[in-house]
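If you want the building blocks of each chain, they are given just below.
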2 protein chains.
Amino acid sequence: MRIKNKLFEIQQINNTRLCVGLDTELTKLPIHYDQSPEALLTFNKSIIEATKDLVCAYKINFAFYEQYGVDGMHVLRETLKSIPSNVITIADAKRGDIGNTSRAYAISIFEEMKFDSITVNPYMGKDSVEPFLQYEDKIIFILALTSNPGSFDFQRLVSDGKPLYQHVIETSQKWNTNSELGYVVGATHPNELKEIRTYSPNSLMLIPGIGTQGGDATATMEANGNSPAIVNVSRGILYASNGADFAEKARLKAEFYQKEIGM
Amino acid sequence: MRIKNKLFEIQQINNTRLCVGLDTELTKLPIHYDQSPEALLTFNKSIIEATKDLVCAYKINFAFYEQYGVDGMHVLRETLKSIPSNVITIADAKRGDIGNTSRAYAISIFEEMKFDSITVNPYMGKDSVEPFLQYEDKIIFILALTSNPGSFDFQRLVSDGKPLYQHVIETSQKWNTNSELGYVVGATHPNELKEIRTYSPNSLMLIPGIGTQGGDATATMEANGNSPAIVNVSRGILYASNGADFAEKARLKAEFYQKEIGM
């Protein structure tokens, strides 16, 4: 599959499993920036320029752009254009709806915006995810065990001796797909990641939660072993400094995480 | 709570629990329409004009607008403006993410676009829903048991003697809220709706799935009893005709569903 090759090639070339999450917000921009949507774009371009040889992917979190309305969506599209074509682009949109609606979301993300990958929510089941899986050469990351405190509310409920997130992983692996099917498992759950790797050793994992959210890179990568993974850091890199040296400091942080995560 | 009064007032004035879902798509427009984003807006305005005295709410499904990119989001915003101010507006966006990200989605839906209500996905738990609940005078509909076939995949998994959707309803009722907390329960599950009404008689339900999806209005309303509800029909009204009489036929269908659903 071409998308898998694209990922493995950029991971080899840049010697990295690091993904930078572009969770950009006006209030967190460097202090010399003005508070305009254009400033968000300038900031993103600087971060991409400073880190593009240290990452295998950029993850664009839709909420942060949608909050600025039409201007924000323009910044999202322009940011996407400035990502090098050999780096994986992830639409962190966590979409999911009934079949005919999910199809429209898939058109939005894969055809209209041409992302390589999306995060989707499994709560609504098979027909809510299938329209994404029907595309060729995309990566679909289904939420399994997320990095946030709320992951303890429902995702760990045990049914037939297995937590909900395990049902999500095992059931979805039976669904037909033309694409690469992966899962989101937070770095805040290394023990569970280790256990997931016993029954799903070859799935591509998108692992967020390192840095500000408290996930530990060493414990996470030990739990993951040599299985395929993309490891995301957002705020820990973007906001390494709010001074004129923000891009330089972001690069240093990206180098730090690139090494911590390893290959 | 003002939002509850707003809902009950419009339900009384228009003698209806019907909501029309604006799932508008270019390929389904009347045959004399051209295939432009502007045509989507003209169509929506005609549907709203033809049905506004028969409904208590309009539900705008984001996927259908996002698929047309920035133009589609412009149509969504202009459609929203053309909804009478005493009718409830529902952002059917099914959002949900970790806390700081959900906060940005809430800003987008409630502050930037000023919707009265949103649908949210509970999979990520409390901190993914809380930023929406913190707003005053909004209605937050959490997905419980959805109308689609995929609702059988995970939502009915039994843990501690209760299906997942019951855990979602019972757990979320313990969360702090400044807003009205409601649930999405599909009309395709009347038996389960009846059972949900035994432990959650006073929650506001958003009930989709009547019409094209196969839900039966009479069985649904019998199961719901006199509990508060908004009942959505989308395609069954929007696409009642693809001729020049589409608005007139949509009105007739809306009158039909208004009566079938009753008060």
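**Overview of the overall build of chain A**
Reasoning step 1: Counting its regular elements, chain A contains 11 helices and 10 strands.
Reasoning step 2: In terms of overall dimensions, chain A is globule-like: its C-alpha atoms have a radius of gyration of 18 Å, near the 18 Å expected for 263 residues.
Reasoning step 3: Across its three principal axes, chain A shows a C-alpha extent of roughly 55 × 40 × 35 Å.
Reasoning step 4: When each of the 263 residues of chain A is scored for burial, the buried share is 57%.
Reasoning step 5: Long-range contacts, defined as pairs at least 24 residues apart, comprise 72% of the intrachain contacts of chain A with a sequence gap of at least 6.

**Some remarks on the interface of chain B and chain A**
Reasoning step 1: The partner chain A presents 46 residues to the 46 residues of chain B that form the contact.
Reasoning step 2: For the side of chain B that touches chain A, the secondary-structure elements that each account for two or more residues are α3 (62-66), α4 (69-81), α5 (99-112), α6 (126-133), β6 (158-159) and α7 (164-172) of chain B.
Reasoning step 3: The dominant element in the side of chain B that touches chain A, judged by the number of residues it contributes, is α5(B), at seven residues.
Reasoning step 4: Of the residues in the side of chain B that touches chain A, the class split is 19 nonpolar, 20 polar and seven charged.

**Comments concerning the packing of α5(B) against α6(B)**
Residues and elements named next belong to chain B.
Reasoning step 1: Contact geometry of α5 with α6 gives a least axis separation of 8 Å together with a crossing angle of 30°. As summarised for this structure, α5 and α6 are arranged roughly parallel, according to the angle between their axes. In this structure, α5 crosses over α6, and the sense of that crossing is right-handed. Between α5 and α6, the residues in contact are Gly-99, Ser-102, Arg-103 and Ala-106 and Asp-127, Ser-128, Glu-130, Pro-131 and Phe-132, respectively.
Reasoning step 2: Grouping the constituent residues of the contact of α5 with α6 by class yields three nonpolar, three polar and three charged.

**Some remarks on the nonpolar core**
Reasoning step 1: A:Leu18 and B:Leu18 are the most contacted members of the largest nonpolar core, which has 163 residues in total.
Reasoning step 2: Aside from chain neighbours lying at most four places away, what touches B:Leu18 is B:Leu54, B:Val55, B:Cys56, B:Val231, B:Val233, B:Ala254, B:Tyr257, B:Gln258 and B:Ile261.

**Concerning the sheet that holds strand β4 (residues 117-120) of chain B**
Residues and elements named next belong to chain B.
Reasoning step 1: Strand order in the closed barrel formed by eight strands is β1-β2-β3-β4-β5-β8-β9-β10, and the pairing between neighbours is parallel. Recorded for the sheet is a direction-independent mean angle of 30° between the axes of neighbouring strands.
Reasoning step 2: In this structure, strand β9 (residues 204-207) lies alongside strand β10 (residues 229-233), joined through three bridges in parallel fashion. Residue pairing for β10: Ile-207 is matched across the bridge by Val-231.
Reasoning step 3: Contacting β1 (18-22) and β10, helix α11 (residues 246-261) crosses the sheet at an angle of about 140° to β1.

**Some details on the relation of the copies chain B and chain A**
Reasoning step 1: Mapping chain B onto chain A calls for a rotation angle of 180° and an axial translation of 0.0 Å; the resulting RMSD is 0.0 Å. Here the symmetry operator amounts to a two-fold rotation axis. Among all residues of chain B, the one whose C-alpha sits closest to the rotation axis is B:Ser159, at a distance of 2.4 Å.
Reasoning step 2: Taken together, the interface assignments show that 100% of the residues at the interface of chain B recur at the interface of chain A, consistent with an identical surface on both copies.

**Digging into the sheet that holds strand β2 (residues 57-61) of chain A**
Residues and elements named next belong to chain A.
Reasoning step 1: Pairing within the closed barrel is parallel, and its eight strands lie in the order β1-β2-β3-β4-β5-β8-β9-β10. For this sheet, the mean inter-axis angle between neighbouring strands, taken without regard to orientation, is 30°.
Reasoning step 2: Helix α1 (residues 2-13) rests against β3 (88-95), β5 (139-145) and β8 (180-185) of the sheet, and its axis sits at about 120° to β3.

**Things to note about the pairing of strand β3 (residues 88-95) of chain B**
Residue and element names in this part refer to chain B.
Reasoning step 1: With eight of eight residues buried, β3 is to be regarded as a mostly interior element.
Reasoning step 2: Burial of β3 is two-sided: the residues Ile-88, Ile-90, Asp-92 and Lys-94 facing one way and the residues Thr-89, Ala-91, Ala-93 and Arg-95 facing the other way are all buried.
Reasoning step 3: Of the pairings in the sheet, the one linking strand β2 (residues 57-61) to β3 comprises five bridges and is parallel in character. Bridge pairing in β3 places Lys-59 opposite Ile-90.
Reasoning step 4: Strand direction decides the pairing type here: β3 and β4, joined by three bridges, are parallel. The residue bridging Ala-91 from the neighbouring strand is Ile-118, located in β4.

**Observations regarding the packing of helix α2 (residues 37-51) of chain B against α11(B)**
All names here are of chain B.
Reasoning step 1: At a minimum axis distance of 9 Å, the contact between α2 and α11 shows a crossing angle of 45°. By the angle between their axes, α2 is oblique relative to α11. Between α2 and α11 lies a crossing whose hand is right-handed. Counted together, Ser-46, Ile-47, Ala-50 and Thr-51 of α2 and Ala-247, Ala-250, Arg-251 and Ala-254 of α11 form the full contact between these two elements.
Reasoning step 2: Partitioning the contact of α2 with α11 into residue classes produces five nonpolar, two polar and one charged.

**Considering the environment of A:Gly125**
Reasoning step 1: Of note, A:Gly125 is situated in the loop between β4 (117-120) and α6 (126-133).
Reasoning step 2: Put simply, A:Gly125 and A:Lys45 are 80 residues apart on the chain and 37 Å apart in space, counted from C-alpha to C-alpha.
Reasoning step 3: Setting aside anything within four residues of it in sequence, one finds A:Gly125 in contact with B:Asn148, B:Gly150, B:Ser151, B:Phe152, B:Asp153 and B:Phe154.

**Details of the environment of A:Asn226**
Residues and elements named next belong to chain A.
Reasoning step 1: Residue placement: Asn-226 occurs in the loop between α9 (217-224) and β10 (229-233).
Reasoning step 2: Classification of Asn-226 as exposed rests on a count of 9 C-beta atoms within 10 Å.
Reasoning step 3: Taking the C-alpha atoms as reference, Asn-226 lies 15 Å from Ala-187; in sequence the two are 39 residues apart.

**Quick notes on the confidence of the model for chain A**
Reasoning step 1: Looking at chain A, pLDDT values average 97 and 100% of them are 70 or higher.
Reasoning step 2: Among the scores for the predicted complex, ipTM is 0.97 and pTM is 0.97.

**Points about the pairing of strand β9 (residues 204-207) of chain A**
Residue and element names in this part refer to chain A.
Reasoning step 1: Here β9 shows no split at all, with Leu-204 and Leu-206 on one side and Met-205 and Ile-207 on the other all buried.
Reasoning step 2: When β8 meets β9, the two strands line up parallel, connected through three bridges. For Gly-182, the partnering residue across the bridge sits in β9 and is Leu-204.
Reasoning step 3: Handedness of the crossover joining β8 and β9 through helix α8 (residues 190-199): right-handed.
Reasoning step 4: At this point the chain moves from β9, through α9, to the parallel β10, and the crossover so formed is right-handed.

Rules used throughout
Residues numbered from 1 in each chain as written. Chains lettered and ligands numbered in written order. Predicted model: local features only at pLDDT ≥ 70, side-chain atom pairs only at ≥ 80, totals over all residues. Helix = DSSP H or I, 4+ residues; strand = E, 2+ residues; numbered from the N terminus. Rg over C-alpha atoms; globule rule 2.2 N^0.38 Å. Buried ≥ 20, exposed ≤ 12 C-beta atoms within 10 Å, placed from the backbone. Contact = placed C-beta atoms within 7 Å. Nonpolar A, V, L, I, M, F, W, Y, C, P; charged D, E, K, R; others polar. Axes fitted to C-alpha atoms, helices over the stretch in contact; angles between N-to-C directions. Parallel < 35°, antiparallel > 145°, perpendicular 65-115°, else oblique. Left-handed = near helix turned anticlockwise from the far one by under 90°. Core = buried A, V, L, I, M, F, W, Y, C linked by C-beta atoms within 7 Å. Pairing = 2+ DSSP bridges. Least-squares fit on C-alpha atoms with pLDDT ≥ 70 in both. pLDDT = per-residue confidence, 0-100. Right-handed = clockwise from strand over helix to strand, strands pointing away.

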